[in-house]
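A look at the structure
Spelled out from the first residue to the last, the chains are:
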Amino acid sequence: MVDITFTDAKGTSRTVKAEVGATVMETAIRNSVPGIDAECGGACSCATCHVYVDEAWLAAVGPAEQMEEDMLDFAFEVRPNSRLSCQIKVTEALDGLKVTTPSKQG
Amino acid sequence: MITTDVLIIGAGPVGLFAVFELGLLDIKAHLVDILPKRGGQCAELYPEKPIYDIPGFPIITGQGLIDNLETQIAPFNPQYHLGEMVTSLVSRGTPEAPRFEVTTDAGTQFDAKVVIIAAGGGSFQPKKPPIAGIEAYEGHSVHYAVRKMESMRGKNIMIVGGGDSALDWTLNLKPIAKRITLVHRRDVFRAAPHSVNAMRSWVAEGAMDLIIGQVTGLDGADGVLSSAVVRSDDGTEQKIACDALMPFFGLTMKLGPIAEWGLNLHENLVPADTGTFETSVPGIFAIGDINSYPGKLKLILSGFHEGALAAQKVHRYVYPDKKLAFQYTTSSTSLQRKLGVA
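Residues numbered from 1 in each chain as written. Chains lettered and ligands numbered in written order. Predicted model: local features only at pLDDT ≥ 70, side-chain atom pairs only at ≥ 80, totals over all residues.

This brings us to the interface of chain A and chain B. Each side of the interface is counted separately: chain A has 17 residues, and chain B has 18 residues. Across the side of chain A that touches chain B, the residue classes tally to 8 nonpolar, 4 polar and 5 charged. (Contact = placed C-beta atoms within 7 Å. Nonpolar A, V, L, I, M, F, W, Y, C, P; charged D, E, K, R; others polar.)

Here's what the structure looks like:
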C-alpha cells in the first residue's frame, strides 16, 4: 500500500492508502474521494476522472498515451500536467503521489 | 398519440432485454432514448471495450452485446424513438389500473399502461464548460447543438473542440457564417482527416481562424454574446469578437426530468421493490443502473434479472383477467412460436 494525496479545487486535501496495481481513479472511488466522477468506470471513455499531477511527480507518473491525450479534449481547464486518473497505475514508485482535482468534471 | 402496453425509457442493454421478457408474455413495448442509436453506455461509452461478466460470454464488446440483444428481441418488433428525451409523465389512471401520458421533447405522445424506467446513469447530455456566466448565454448565443442552420447565418461563430462534432459544424457553417473561429486546446485533431484537411486549407487561405487555446471568459449583455476570451498554454489571452459560441466537449449523464415524477429518489436513484422492481408509483417500474435496493449491484446481468421479474408484475396490469403460467423457452411450443422458431 502507498499513500496518495488528493486535493480538491477548494484546497481540501485527503491522503488515502492505495493498492499497488490499482489505478489512481479506482483508489479515489474506493475511498469516496470527491471530485472524481469516473462515469465510464475506467474505460478511458469519458474524461470525468481528470486530475492535475503535482509538478514534482510528473516524471514518475510519465506522459499520457495518445488515447488518453485524445480523451483529455473532453475535459475542462486542461493544463500541461493534466492526466486521466483511470490511466495512472499505482506503483511503489508513486508512494506519496499528489494530485489535484479540477473544479468541474462533467 | 401512440397507444402501447409498455413504454420503456432507455434503450440500453437492460431496456432492450426487457423487450424480450415482456414479449414472451405478449406485452408490446415502445422504447425512447435520447441518443440517436440503441445501446446506451455500451454503444456510446465503450463500444469496442470487452465485457467479461455477461453470463455465457467469456468476452464480448459493448457493441457486440447490443447487436446480439437486438437480434434476440427482433421477433417482438420493438418500436424505437431515438434522439428523443421524455420530458413529462402524467398519471391518467388509478393504482389498480394505471395509465400514463408520456411526452418527449420532440412532441411524441404515448398512452401507456405501464412505464419502465431503464435509464441507466441518466440521459446523455452535452457537457457544459465551466466558464463563468455561460448559463446566461445558453439558448441565445451558446449552443450545444444546432437545430436550424439558418439561425446561424451571418454570425461570427466560435466553435470549440477537436473532434468530429466540432469539425463537422465548422465545415457545415462555414458557407453561411460571417466568420468562423475554431478553438482547440492543442494542434492535434481527432476528427476525420478529410475534415481536418479542409479546415486547415481554409485557415491557410485566411478564410477562417484557428486558435490553439481554451475559452476562459465571455463578454456580452442580456444573454447576447459579444466576445470570448481565449487563453493559450503560454498564458497569453486574446479577446475574440463572436456572437455565437458552440462548445463540443462530448456527453455526460444527467438524471433529467425523472427527478420530477414523485418517485422518492434516493441519491439520484429510483428505489424499487426487489420482488417486482415496481417503484413507489403503481405502474412505474425501474430496472438497471437507475434503481436502488438493499444489496444492489450495478451490473448488466442484474438488470436482466430485474427486467424478467418486472415483466411478471407488468402482465397483471396489461392483462388483469389472464392468469400467467410460467413457461420455459426450451420446452414451451407457445413461447417458441412467439420467437419464430416453432
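What follows deals with helix α5 (residues 193-205) of chain B. Taking 1.5 Å of rise per residue, the 13 residues of α5(B) would be expected to cover 18 Å, and the 18 Å separating its terminal C-alpha atoms lies within 8% of that figure. Where α5(B) terminates, the next one or two residues include B:Gly206, which has phi positive at roughly 80°. (Helix = DSSP H or I, 4+ residues; strand = E, 2+ residues; numbered from the N terminus. Expected span 1.5 Å × (residues − 1).)

Residues and elements named next belong to chain B. Along the chain, Phe124 falls in strand β9 (residues 123-126). Between the C-alpha atoms of Phe124 and Met253, which are 129 residues apart in sequence, the distance is 4.5 Å. The contact partners of Phe124, leaving out residues within four places of it in the chain, are Ile34, Leu35, Glu44, Leu251 and Met253.

To continue, consider the domain arrangement of chain B. Each assigned domain of chain B is listed here: domain 1 (2-124 + 252-338) and domain 2 (128-249). The distance between the C-alpha centroids of domain 1 of chain B and domain 2 of chain B comes to 38 Å. (Domains from an automatic or database assignment.)

Once that is clear, we can look at the sheet that holds strand β11 (residues 179-184) of chain B. Think of a sheet as strands paired side by side through backbone hydrogen bonds, with each pair either parallel or antiparallel. Residue and element names in this part refer to chain B. One open sheet accounts for 4 strands, arranged β12-β11-β10-β16; its pairing is parallel. Two strands close off the open sheet at either side, each with one partner strand: β12 (209-212) and β16 (244-247). Taken over all neighbouring pairs, the strand axes of this sheet differ in orientation by 20° on average, direction set aside. As paired elements, β11 and β12 share 4 bridges and run parallel to each other. If you follow Thr181 over to β12, its bridge partner there is Asp209. The strands touched by helix α4 (residues 164-173) within the sheet are β10 (156-160), β11 and β16, with β10 carrying the most contacts at an inclination of about 160°. (Pairing = 2+ DSSP bridges. Axes fitted to C-alpha atoms, helices over the stretch in contact; angles between N-to-C directions.)

Residue and element names in this part refer to chain A. Strand order in this open sheet of 5 strands is β2-β1-β5-β3-β4, and the pairing throughout is mixed. Because the sheet does not close on itself, it has two edges, and the strands there are β2 (13-18) and β4 (82-84). Neighbour-to-neighbour, the strand axes of this sheet turn through a mean angle of 35°, independent of strand direction. The sheet contact formed by strand β1 (residues 2-7) and β2 spans 6 bridges and is antiparallel.

Residues and elements named next belong to chain A. Burial along strand β5 (residues 97-100) is one-sided: the residues Leu97 and Val99 are buried and none of Lys98 and Thr100 is. By the bridge criterion, 4 bridges tie β1 to β5 in an arrangement that is parallel. In the sheet register, Ile4 faces β5, and the bridge partner there is Leu97. With 2 bridges connecting them, strand β3 (residues 50-53) and β5 associate as antiparallel partners. Looking at the pairing, Val53 lines up with Val99 of β5. (Buried ≥ 20, exposed ≤ 12 C-beta atoms within 10 Å, placed from the backbone.)

Residues and elements named next belong to chain B. Backbone geometry places Asp222, a non-glycine residue, at a positive phi of 50°. Counting through the fold element by element, Asp222 comes out in the loop between β13 (214-221) and β14 (224-231). Residue class for Asp222 comes out exposed when judged on the 7 C-beta atoms lying within 10 Å of it. You will see that Glu267, though not glycine, has its phi angle at about 50°, which is positive.

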